[in-house]
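The residues making up each chain are set out below.
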Amino acid sequence: MSPILKNGYNKEVTIDIIEQRSIAMLYIATALYCEAKPFIRQYQLKKSEQFHKFQVFLSEDITLIITGVGEIKAAIAISSVCSICKPKEGDFFLSFGSCAALSKGLLIGELYLLHQLTQLSTKQTYYPDVLLAHPFQEVQGVTGSTIVTEEISQSMLTMNKPKKEACIYDMEGAASYISASYFFGTHQMAFIRLVSDYGVDEKEDNNKTTPNQITNWIEEKVDTLFSFIERIGENKYVNSSLEEEMNDFIEQMETFLHLSVTMKHTLQQHIRFYILMHDSFEPIVRWCDTNLPSECKSKKEGKIYFEELKRQLL
Amino acid sequence: MKNLNDNYYNKAFSHIYVEEEVYESEKVNDIISHFPNATIILVKHYKDIFNRSGQNFQVQKRARNLILAKKKGNLVYAGAPVCQSFGNQHFYYTSCVMNCIYDCEYCYLQGMYPSANLVVFLNLEDIFEEVKALLKEHPVYLCVSYDTDLIALEPILSYVKKWVEFAKKQENLTLEIRTKCASLGVFLKSQPCKQVIYAFTLSPDEVSKAYEKKTPSLAQRLSCIRALMEKGYQVRLCFDPMLYIPNYKEVYQAFFNQIKKEIALNQVFDVSIGVFRVSEDYLKKMRRQSPQSAVLQFPYENEQGVYQYNKSLTKEMISFAYENLSDCIPIERIFSWENKEV
């Protein structure tokens with residue numbers, strides 16, 4: 001991101017959806033409030049009081065983290081929130097923010113999707129999957145711990161060989177990837193940047209970007225940005241109550257038939273298969289009610305009924 | 001700025017990752033020219049993208065990407081115990097491509113590879129050299145299309161043509177090219193060759209439609225096989241894996257009847273039969289990523305690290321296939337992995 005001032009936001013909210021959620025969650029990380037503001041407004045996010053070191057805004061299916069500027073702050077904030085919220089398969093992580101363009105062909109105020117992120121300090125490159133159709137031009141991102149300098153800009157030119165590729169520079173991208181990859185798969189992450197300046201040239205121009213300008217540029221792109229976000233939201237998971245019922249049934253059978261751990265796993269696999277074939281295991285429950293005795297006295301007796309139950313399930 | 005695509009996922013091969021070392025080669029340009037709209041991304045090593053942690057094979061295969069690389073280290077491997085050697089003493093396989101464009105629900109590649117992206121190794125000539133070195137020691141039976149379907153990729157790679165041309169010059173080399181492809185024109189790009197066996201995997205339409213997504217139908221495969229046999233190509237039929245599905249005997253009976261009606265079985269090179277089997281480690285991963293797959297969630301039994309149907313069911317299914325085939329083809333030309341193990 002470019003060096004800009006932070007805004008404050010003191011709206012008090014009391015929503016706590018972190019632990020007990022049953023729908024897919026989109027996690028958005030921005031460095032600055034001005035980058036987050038259009039999201040907060042659009043999705044009516046409420047500030048959480050559970051986090052004191054950085055600002056977190058919530059809705060039923062969005063958690064927005066304002067990490068602060070720089071690699072370490074981004075990594076700490078993302079790790080902290082994700083350690084509490086525990087992302088699941090079906091959740092998605094979006095890193096969003098402003099950046100400097102290192103290639104003159106990139107336009108100020110335009111959004112770009114990063115298909116690779118290189119950490120300048122280690123020269124390590126990370127590749128999020130780009131599986132979802134999207135409307136953005138793709139570029140490579142480079143993440144450094146300082147604002148972009150002439151030296152950095154020059155080193156990028158050599159890094160790009162043998163193929164010249166459009167490149168942006170930010171201060172959080174690679175660190176966000178590293179941190180988020182502890183909680184999300186490569187297919188569950190996207191990194192979008194808004195070009196706010198051309199880095200070294202900006203100092204000469206003495207024409208610094210303001211937080212309001214960044215918010216305004218994002219607002220101009222909200223149709224594209226939010227329609228992409230809503231597409232991410234299409235990929236939601238559904239909690240299966242059948243799975244819970246199955247686990248209850250297996251626990252009952254484990255006690256009743258004196259099952260060993262291996263036998264319990266075998267039964268679990270048989271029932272899982274049966275449910276896939278029949279969409280229900282109600283007939284099996286009925287079969288157990290009719291055919292199993294009221295009491296199973298020994299492991300030996302349990303094994304006989306276990307084998308019969310397995311046959312019914314195939 | 002581009003318009004939002006109506007499709008949720010990108011099209012296949014929307015992104016091509018190329019190792020820096022091979023980027024400026026002609027082969028890369030040839031392959032890339034088939035995908036003019038692809039985004040090209042340079043990588044230092046193919047494993048930087050293929051071996052990343054946290055990948056999901058099932059999600060990735062909805063929008064597979066391509067990786068172009070140079071293969072290093074050992075290029076030809078001894079045949080795996082779970083694979084059929086067809087009585088060949090010196091059985092080897094090589095993977096000049098990793099992963100397949102088809103989407104078979106039971107495929108072991110989902111458990112074997114961390115990624116669904118296709119890796120194409122461009123240094124085919126280095127593999128040829130390693131095969132030549134082996135041929136100096138003994139005859140070689142080499143499977144070149146195990147971990148992929150080279151025929152299906154032929155319009156892009158032309159690797160089958162190169163393999164056939166190479167085989168023609170190597171007296172003691174026998175190649176097996178396994179496929180589910182049915183595009184006759186692709187096969188005809190290479191002349192028939194006694195040292196090359198085209199091995200077609202066949203399944204009943206019920207199985208194919210349910211579990212072999214994106215593959216040609218049984219009728220298409222049979223039509224292609226018939227045409228190839230008429231033109232003198234050597235054809236192997238692989239009834240492997242047979243799947244235990246409801247009414248499997250009825251379904252497979254009708255299937256074998258259709259095969260016998262449409263193919264002169266006494267003229268095929270040989271046939272193989274086998275039931276579904278997969279290593280313990282692979283199945284664990286496959287089940288985790290495909291909780292809704294009945295084929296993978298079937299309660300298989302673990303026999304020395306290999307998950308398979310229980311012994312009596314395996315025996316029943318194999319015997320059933322034998323009975324159906326042995327009246328049309330000499331039993332010495334019917335191979336079964338299960339029998340090898342007994």
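Residues numbered from 1 in each chain as written. Chains lettered and ligands numbered in written order. Predicted model: local features only at pLDDT ≥ 70, side-chain atom pairs only at ≥ 80, totals over all residues. Heavy atoms only, no water.

**Description of the confidence of the model for chain A**
Argument step 1. Averaged over chain A, the pLDDT score is 85; the fraction of residues at 70 or greater is 86%.
Argument step 2. No element of chain A has a lower mean pLDDT than helix α5 (residues 200-205) of chain A, which averages 56, and none a higher one than helix α4 (residues 173-180) of chain A, which averages 98. (pLDDT = per-residue confidence, 0-100. Helix = DSSP H or I, 4+ residues; strand = E, 2+ residues; numbered from the N terminus.)

**Quick word on the sheet that holds strand β1 (residues 15-19) of chain B**
All names here are of chain B.
Argument step 1. Taken together, the 5 strands give an open sheet; going across it, the order is β2-β1-β3-β8-β6, and neighbouring strands pair in mixed fashion. Since the sheet does not close on itself, it has two edges, and those belong to β2 (39-43) and β6 (97-98), each with one partner.
Argument step 2. Where β1 and β2 come together, 5 bridges link them in parallel fashion. Considered in β2, the bridge of I16 is made with I40. (Pairing = 2+ DSSP bridges.)

**With respect to the side chain of K310 of chain A**
Argument step 1. Structurally, K310 of chain A is set in helix α11 (residues 299-313).
Argument step 2. Judged by its relative accessible area of 17%, K310 of chain A falls in the buried class. (Buried < 20%, exposed > 50% of the residue type's maximum accessible area, 1.4 Å probe, protein only.)

**What to know about the packing of aromatic side chains**
Argument step 1. All chains considered together, the criterion is met by 45 aromatic pairs over all chains.
Argument step 2. Judged by centre distance (4.9 Å) and plane angle (75°), the rings of F273 of chain A and F298 of chain B are edge-to-face. With F273 of chain A in helix α9 (residues 261-278) and F298 of chain B in the loop between α13 (294-297) and β16 (301-303), this residue pair bridges two chains. There is no split in this pair, since F273 of chain A and F298 of chain B are both buried.
Argument step 3. On the basis of an interplanar angle of 45° and a centroid distance of 5.3 Å, the ring pair of Y77 of chain B and Y93 of chain B is categorised as tilted. (Phe/Tyr/Trp six-rings, centres within 6.5 Å; stacked < 30°, edge-to-face > 60°.)

**So, the nonpolar core**
Argument step 1. Core analysis: the biggest nonpolar cluster contains 123 residues, and W163 and L237 of chain B have the highest contact counts within it.
Argument step 2. Here this core takes 7 residues from helix α14 (residues 311-325) of chain B, the largest share from any one element.
Argument step 3. Core analysis: the next-biggest nonpolar cluster, separate from the first, contains 40 residues, I28, L111, F228 and I232 of chain A among them. (Core = buried A, V, L, I, M, F, W, Y, C linked by side-chain atoms within 4.5 Å.)

**Quick look at the sheet that holds strand β11 (residues 196-201) of chain B**
Residue and element names in this part refer to chain B.
Argument step 1. Taken together, the 8 strands give an open sheet; going across it, the order is β4-β5-β9-β10-β11-β13-β14-β18, and neighbouring strands pair in mixed fashion. The open sheet terminates on both sides in strands that have one partner only, identified here as β4 (76-78) and β18 (334-336). Strand after strand, the sheet turns through a mean of 25° between neighbouring axes, direction not considered.
Argument step 2. Judged from the 5 bridges that link them, β11 and strand β13 (residues 234-242) form a sheet pairing that is parallel. Within β13, the position partnered with I197 by the bridge is Q234.
Argument step 3. Sheet contacts for α14: β13, β14 (270-275) and β18; angle to β14, the most-contacted strand, approximately 155°. (Axes fitted to C-alpha atoms, helices over the stretch in contact; angles between N-to-C directions. Contact = heavy atoms within 4.5 Å.)

**Some remarks on the environment of K37 of chain A**
Argument step 1. As for its position among the elements, K37 of chain A is in helix α1 (residues 33-42).
Argument step 2. Through-space distance from the C-alpha of K37 of chain A to that of N216 of chain A is 9.9 Å; in sequence the pair is 179 residues apart.

**Describing the environment of L175 of chain B**
Argument step 1. As for its placement among the helices and strands, L175 of chain B is situated in strand β10 (residues 173-179).
Argument step 2. Each C-alpha atom, one on L175 of chain B and one on Y141 of chain B, is 6.0 Å from the other, the two residues being 34 residues apart in sequence.

**Quick notes on the pattern of salt bridges**
A side chain of one charge can pair with a side chain of the opposite charge when the charged atoms of the two come close.
All names here are of chain B.
Argument step 1. Taken as a whole and assessed by the stated rule, the structure comprises 24 salt bridges over all chains.
Argument step 2. The partner of R221 in a salt bridge is E212, with the nearest N and O atoms 2.8 Å apart.
Argument step 3. A residue is classified by how much of its surface remains accessible, and E212, at 1% relative accessible area, is buried. (Salt bridge = Lys/Arg side-chain N within 4 Å of Asp/Glu carboxyl O.)

**Describing the interface of chain B and chain A**
Argument step 1. Every contact between the two is made by 40 residues of chain B and, on the other side, 38 residues of chain A.
Argument step 2. Our enumeration of links across chain B and chain A arrives at 1 salt bridge.
Argument step 3. A salt bridge links D129 of chain A to R52 of chain B, with the nearest nitrogen and oxygen atoms 2.7 Å apart.
Argument step 4. Here chain B and chain A share 11 residue pairs in polar contact (both at pLDDT 80 or more) between them.
Argument step 5. Of all elements in the fold, only β1, β2, α2 (47-50), α3 (57-60) and α13 of chain B reach the threshold of two or more residues within the side of chain B that touches chain A.
Argument step 6. If you tally residues by element for the side of chain B that touches chain A, the top one is β2 of chain B, at 5 residues. (Polar contact = N/O pair within 3.5 Å; in protein donor to acceptor, adjacent residues only side chain to side chain.)

**Looking at the packing of α1 of chain A against helix α6 (residues 211-220) of chain A**
All names here are of chain A.
Argument step 1. For the pair α1 and α6, interaxial distance at closest approach is 8 Å and the crossing angle is 40°. When the axis of α1 is compared with that of α6, the two are oblique. Helix-helix and strand crossings are classified by hand; for α1 and α6 the assignment is right-handed. Residues C34, E35, K37, P38 and R41 of α1 touch α6, and the partners they reach there are P211, I214, T215, I218 and E219.
Argument step 2. For the contact of α1 with α6, the per-class residue count stands at 5 nonpolar, 1 polar and 4 charged. (Parallel < 35°, antiparallel > 145°, perpendicular 65-115°, else oblique. Left-handed = near helix turned anticlockwise from the far one by under 90°. Nonpolar A, V, L, I, M, F, W, Y, C, P; charged D, E, K, R; others polar.)

**What to know about the packing of α9 of chain A against α11 of chain A**
All names here are of chain A.
Argument step 1. Running from amino to carboxyl end, α9 crosses α11 at an angle of 20°, the nearest separation of the two axes being 9 Å. Classified by the angle their axes make, α9 and α11 are roughly parallel. For the element pair α9 and α11, the recorded crossing hand is left-handed. Here α9 contributes M263, T266, L267, H270, I271, F273 and Y274 to the contact with α11, which in turn contributes K303, F306, L309, K310, Q312 and L313.
Argument step 2. Looking at the contact of α9 with α11 residue by residue, the class counts come to 8 nonpolar, 3 polar and 2 charged.

**Brief notes about the side chain of S98 of chain A**
Argument step 1. Examined against the element boundaries, S98 of chain A turns out to sit in strand β5 (residues 92-101).
Argument step 2. A distance of 2.7 Å separates a polar atom in the side chain of S98 of chain A from a polar atom in the side chain of E35 of chain A.

**Notes on α4 of chain A**
Argument step 1. By the criterion of burial, α4 of chain A is predominantly enclosed, with 7 of the 8 residues buried.
Argument step 2. Burial in α4 of chain A covers these residues: G173, A174, A175, S176, Y177, S179 and A180 of chain A.

**Quick look at unusual backbone geometry**
Leaving glycine aside, a negative phi is the common case for residues, and trans is the common case for peptide bonds.
Residues and elements named next belong to chain B.
Argument step 1. For the bond from D240 to P241, the omega torsion is 10°, close enough to zero to count as cis.
Argument step 2. Considering the arrangement of structural elements, one finds P241 in strand β13.
Argument step 3. For K214, which is not glycine, the phi dihedral falls at a positive 75°.
Argument step 4. By the secondary structure assignment, K214 is in the loop between β12 (212-213) and α10 (218-230).

**Comments concerning the pairing of strand β6 (residues 111-119) of chain A**
Residues and elements named next belong to chain A.
Argument step 1. Burial within β6 is extensive, with 9 of its 9 residues counted as buried.
Argument step 2. Of the pairings in the sheet, the one linking β6 to strand β10 (residues 189-197) comprises 3 bridges and is antiparallel in character. Counterpart to L111 in the pairing with β10 is L194.
Argument step 3. As defined by bridge partners, β6 adjoins strand β8 (residues 137-143) across 7 bridges and the pair is classed as parallel. Within the sheet, the bridge partner assigned to L114 lies in β8 and is V139.
Argument step 4. Bridge count for β6 against strand β7 (residues 124-126) is 3 bridges, and the pairing is antiparallel.

**Quick look at the pairing of strand β3 (residues 55-58) of chain A**
Here is the key point about a regular strand: its side chains alternate between the two faces of the sheet.
Residues and elements named next belong to chain A.
Argument step 1. Both faces of β3 are covered, namely the face carrying Q55 and F57 and the face carrying V56 and L58.
Argument step 2. Bridge analysis of strand β2 (residues 46-47) against β3 gives 2 bridges, and the strand direction is antiparallel. Residue K46 lies in a different strand from β3, and its bridge partner there is L58.
Argument step 3. The pairing of β3 with strand β4 (residues 62-66) spans 4 bridges and is antiparallel. Looking at the pairing, V56 lines up with I65 of β4.
Argument step 4. Once β3 ends, the chain turns through 3 residues before running back antiparallel as β4.

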